[in-house]
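Close look at the chain arrangement
Below, each chain spelled out in residue letters.
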There are 2 protein chains.
Amino acid sequence: MTNHVITVTLSESKKQKPQSDQLEFGRVFTDHMFVADYCEGQGWTDHRIIPYAPLEMDPAATVFHYGQTIFEGLKAYVGKEGQVLLFRPEENMRRMNKSSERLCMPAFNEEIAIEALEKLISIDKDWIPVTEGTSLYIRPFMVATEPYLGVSPSKKYKFIIILSPVGSYYKEGIHPVKILVENEYVRAVAGGTGTAKTAGNYASGLRAQEIASKKGYSQVLWLDGVERKYIEEVGSMNVFFKINGEVITPILNGSILEGITRKSILQLLRHWDIPVVERKISMEELRSAHQAGTLEEAFGTGTAAVVSPIGELNWGDDIMVVNNNQTGELSKKLYETLTGIQTGKVEDSFGWVVEVTDTVKV
Amino acid sequence: MTNHVITVTLSESKKQKPQSDQLEFGRVFTDHMFVADYCEGQGWTDHRIIPYAPLEMDPAATVFHYGQTIFEGLKAYVGKEGQVLLFRPEENMRRMNKSSERLCMPAFNEEIAIEALEKLISIDKDWIPVTEGTSLYIRPFMVATEPYLGVSPSKKYKFIIILSPVGSYYKEGIHPVKILVENEYVRAVAGGTGTAKTAGNYASGLRAQEIASKKGYSQVLWLDGVERKYIEEVGSMNVFFKINGEVITPILNGSILEGITRKSILQLLRHWDIPVVERKISMEELRSAHQAGTLEEAFGTGTAAVVSPIGELNWGDDIMVVNNNQTGELSKKLYETLTGIQTGKVEDSFGWVVEVTDTVKV
Ligand SMILES: Cc1ncc(COP(=O)(O)O)c(C=O)c1O
Ligand SMILES: Cc1ncc(COP(=O)(O)O)c(C=O)c1O
């Protein structure tokens, strides 16, 4: 059984906090981190909050060689009354356990993960930036640590949570991005690891992303790896299209990540009685809609940007400008509603937001 | 420019060496390791041989989150006269640089890598086991170390070489294994990272391997991820079939790893004037050959086992026994010739073997 008393060792020195307007994404980390250790036969032990510090890892640790590692990403916001808010953290912890199953890694109790998270955030509360659009990015992850070069699941793991204050994704307000449709490289394929949040999927995507960036595109749009026809995701976001009044997003087909923003947007749209469908959608269909003038909006969704309108799509020789390269009405409404709920400014009628209670005291 | 003076810091204490007959694969490591650091703008610096010890890595290091890591695997053997022999090390270093390109990682000079390797082996020479079938397994690898959570190539890396004395793959002599044809999970797909020796490919394969092991199979046979028809690899080995006197191996199609054992076997077969072809081969074709009685031999090839005869293939409801579950004549000849060349017992007319010279002195 897991013994989960969380011990706390406070850092003796505090790092200097960056200024809110100079925050980037994921460069600066808070004073503490949460760590727990797993060993086959013993389960998870030694749950602890300790000063943020380098990990000591054997050079033969499984994670370095066979990539057994999974992660999650979510954010904490400070609300109007100074309360600290999390957005659907239980969804992240559930997804993490789905990822761990695919990668032959041990499950981590979801309630304990959230308890650890809340305790860690309470301790590093002063690190949460308060300027409009900023937040505290939370990165839970699990890595395989057994020093063994046989290709088999590790018998030892670490579960870690680190925190990073991050700036606004849109420095000059929400604005549309240019996307390159990727015809050569493939992110994932059914039967592979595309539905898991595991390192290899991201390593695999770097090359295409680098080429797209050099050409002036902010992200790539991934096509399915089998027919190279159907739309999967955009960079590390799920993707939505509004065609002729109906919202379409690719159905979860076994190679797409099940985004929590995606799920929330589907719920919002249904709540608003806006026609929405999850189904296969091909680039051909998108081009036809564009030519017919019925492609009204396109946007990516994910924790980092929440909603990211797409202003231009480049597919081979075709350049499709969407909605005159302006942020569409629906994209804007979704962005404002979701970020409003996340920061406690818009009423949360879905029960999505969790307040970090101050009862979690050191 | 890379400054590659290799400094040496010897370990003050020596670890106890395991007994030759108790060696496993990749569990025990020698007294020293080679490390070099890369930083964008500076290239590779601080080439050093130091005592084998844990790495200190920031919890936000790219390798833990986005899997930017590649590796190689080769072996050193002690020959009859006590000389230390490497098998085609330049091929491994070349492949490592191909992998690094796919993963947006920096190249590492191939000659310096081999120099570092030879120097490290000279220092830990006493660790090379001498019993028949044993060897020193060499694991060069490169990991991304920049503490940054943005999904982009790291600006910092470590190149590391570790050494592990390993036992004989075949404790009771070469013998055929049982293989399960994998119909659900996919290892790699063209456009993905299958041709690179990178962690994500192995993480992805663990689940299928685990299921196969539970059913009593030693490895899975991977099918192509598009049509799920064509044969790709067996576990972490390339695969060959002898049908009606002709040897067939799947052609390098963009998702198969280009094995150095595979390449050497193709060269040997051509040298011996045995008909051999690299082409697509489907499970249907294999089954037909089996039914017609023309599937004469099947074997996997890789650094670990060199040649691994396949005695039984399970494809859904079909169980195909190959060559009466006996090691075939050709499999045996290839195994003996290759291991003979590797250990200096068979004349190396191809110039494959490199002797580690003792001029590399500390
Ligand atoms: C590949 C990929 N797709 C989609 C998403 C969006 O998921 P979520 O909305 O849960 O952040 C992410 C990450 O956040 C991702 O990494
Ligand atoms: C996926 C995979 N295929 C094939 C091989 C065989 O390659 P080599 O003969 O170079 O060892 C390996 C590794 O060794 C491998 O990891």
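Cut-offs used in this document
Per chain, the residues get numbers from 1 upward, laid out in the order the sequence is written. Here chains are named by letter from A upward and ligands by number from 1 upward, in the order in which they appear as written. Totals for whole chains, interfaces and linings use all residues, but because this is a predicted model, local features are given only for residues with pLDDT of at least 70 and pairs of side-chain atoms are given and counted only at 80 or more. Derived side-chain values reflect all non-hydrogen atoms in the structure, with water molecules and hydrogen atoms excluded from consideration. Any residue with a heavy atom lying within 4 Å of a molecule or strand is counted as near it. Think of a polar contact as two N or O atoms within 3.5 Å of one another; within protein, one of them needs to be a possible hydrogen donor and the other a possible acceptor, and neighboring residues in sequence only count if both atoms come from side chains. Accessible surface area values rest on a Shrake-Rupley calculation with a 1.4 Å probe, where residue burial reflects the displayed protein chains alone. Runs of E in the DSSP output that reach at least two residues are strands. Runs of H or I that reach at least four are helices, and both are numbered from the N terminus. Here the term charged refers only to Asp, Glu, Lys and Arg, the term nonpolar to Ala, Val, Leu, Ile, Met, Phe, Trp, Tyr, Cys and Pro, and the term polar to all other amino acids, Gly among them. Relative accessibility thresholds used throughout: buried, under 20% of the residue-type maximum; exposed, over 50%; partly exposed, between the two (1.4 Å probe, protein chains only). DSSP bridges decide pairing: two strands pair if at least two such bridges lie between them. Least squares is the method used to superpose the copies, on C-alpha atoms of residues holding a pLDDT of at least 70 in both. In what follows, a contact means two residues having at least one pair of non-hydrogen atoms within 4.5 Å. Only buried residues count toward a nonpolar core. Its members are Ala, Val, Leu, Ile, Met, Phe, Trp, Tyr and Cys residues joined through side-chain atoms within 4.5 Å. Known as pLDDT, the predictor's per-residue confidence is scaled from 0 to 100. Summed over both partners, the accessible area (1.4 Å probe) lost when two parts come together is defined as the buried area. For this document, the term salt bridge refers to a Lys or Arg side-chain nitrogen within 4 Å of an Asp or Glu carboxyl oxygen.

**Some thoughts on the site of ligand 2**
All names here are of chain B. Taken together, 15 residues lie near ligand 2, and Y202, E233, I260, T261 and T303 sit nearest. The contact in question runs from an oxygen atom of ligand 2 to an N or O atom on the side chain of Y202, over 2.4 Å. Between T261 and ligand 2, the recorded distance is 2.6 Å, taken from a side-chain N or O atom to an oxygen atom. Bound to the protein, ligand 2 loses 95% of the 380 Å² it would expose on its own. Listed by contribution, the elements that provide at least two residues to the shell around ligand 2 are α5 (260-271) and β16 (295-302). Of the residues assigned to the shell around ligand 2, the class counts are 4 nonpolar, 7 polar and 4 charged.

**As for the site of ligand 1**
Residues and elements named next belong to chain A. With respect to spatial proximity, 15 residues lie near ligand 1, and among them Y202, E233, I260, T261 and T303 are the closest. A distance of 2.4 Å separates a nitrogen atom of ligand 1 from a polar atom in the side chain of E233. One of the side-chain N or O atoms of T303 is found 2.6 Å from an oxygen atom in ligand 1. In isolation ligand 1 offers 380 Å² of accessible surface; the protein chains occlude 95% of this area.

**A short note on the pairing of strand β2 (residues 32-39) of chain A**
Residue and element names in this part refer to chain A. Among the 8 residues of β2, 7 are classified as buried, and the element is accordingly described as predominantly covered. One ladder, built from 7 bridges, connects β2 with strand β3 (residues 43-51); its direction is antiparallel. Across the sheet, the residue bridging to M33 is I50, located in β3. Connecting the antiparallel pair β2 and β3 is a turn made up of 3 residues, with G41 showing a positive phi of about 95°.

**Quick notes on the relation of the copies chain B and chain A**
Its rotation angle being 180°, the transformation that places chain B on chain A also includes 0.0 Å of axial translation and leaves an RMSD of 0.0 Å. Both copies of the chain, as the preceding transformation shows, are related through a two-fold rotation axis. Considering only C-alpha atoms, the residue of chain B closest to the rotation axis is G200 of chain B, which sits at 2.0 Å. Here 100% of the contact residues of chain B are again contact residues in chain A; the copies associate through an equivalent surface.

**Quick word on the side chain of S11 of chain A**
Residue and element names in this part refer to chain A. Along the chain, S11 turns up in the loop between β1 (7-8) and β2. A polar atom in the side chain of S11 sits 2.5 Å from the backbone oxygen of S13. In contact with S11, not counting residues within four places along its chain, are D31, H32 and P51.

**Notes on the nonpolar core**
Inside soluble globular proteins, nonpolar side chains tend to come together where they are buried. Core analysis: the biggest nonpolar cluster contains 43 residues, and L221, I231, F241, M283, L286 and L313 of chain B have the highest contact counts within it. Residues in contact with F241 of chain B, not counting those within four places in the same chain, are L221, I231, E246, V247, I248, I281, L286, L295, E297, A298 and L313 of chain B.

**Some words on the confidence of the model for chain A**
Of all residues in chain A, 98% attain a pLDDT of 70 or more, and the chain-wide mean is 95. Interface confidence in the predicted complex, given as ipTM, is 0.97; pTM for the same model is 0.97.

**Quick look at the interface of chain B and chain A**
With 59 residues of chain B at the interface, the matching set in chain A holds 59 residues. Roughly 5,100 Å² of surface becomes buried between chain B and chain A when both sides are summed, with 63% attributable to carbon and sulfur atoms. Per-residue buried area on chain B facing chain A is highest for P59, F64 and L206 of chain B; these three make up 13% of the total on that side. At the junction of chain B with chain A, the criterion picks out 4 salt bridges. A salt bridge links R27 of chain B to E146 of chain A, with the nearest nitrogen and oxygen atoms 3.2 Å apart.

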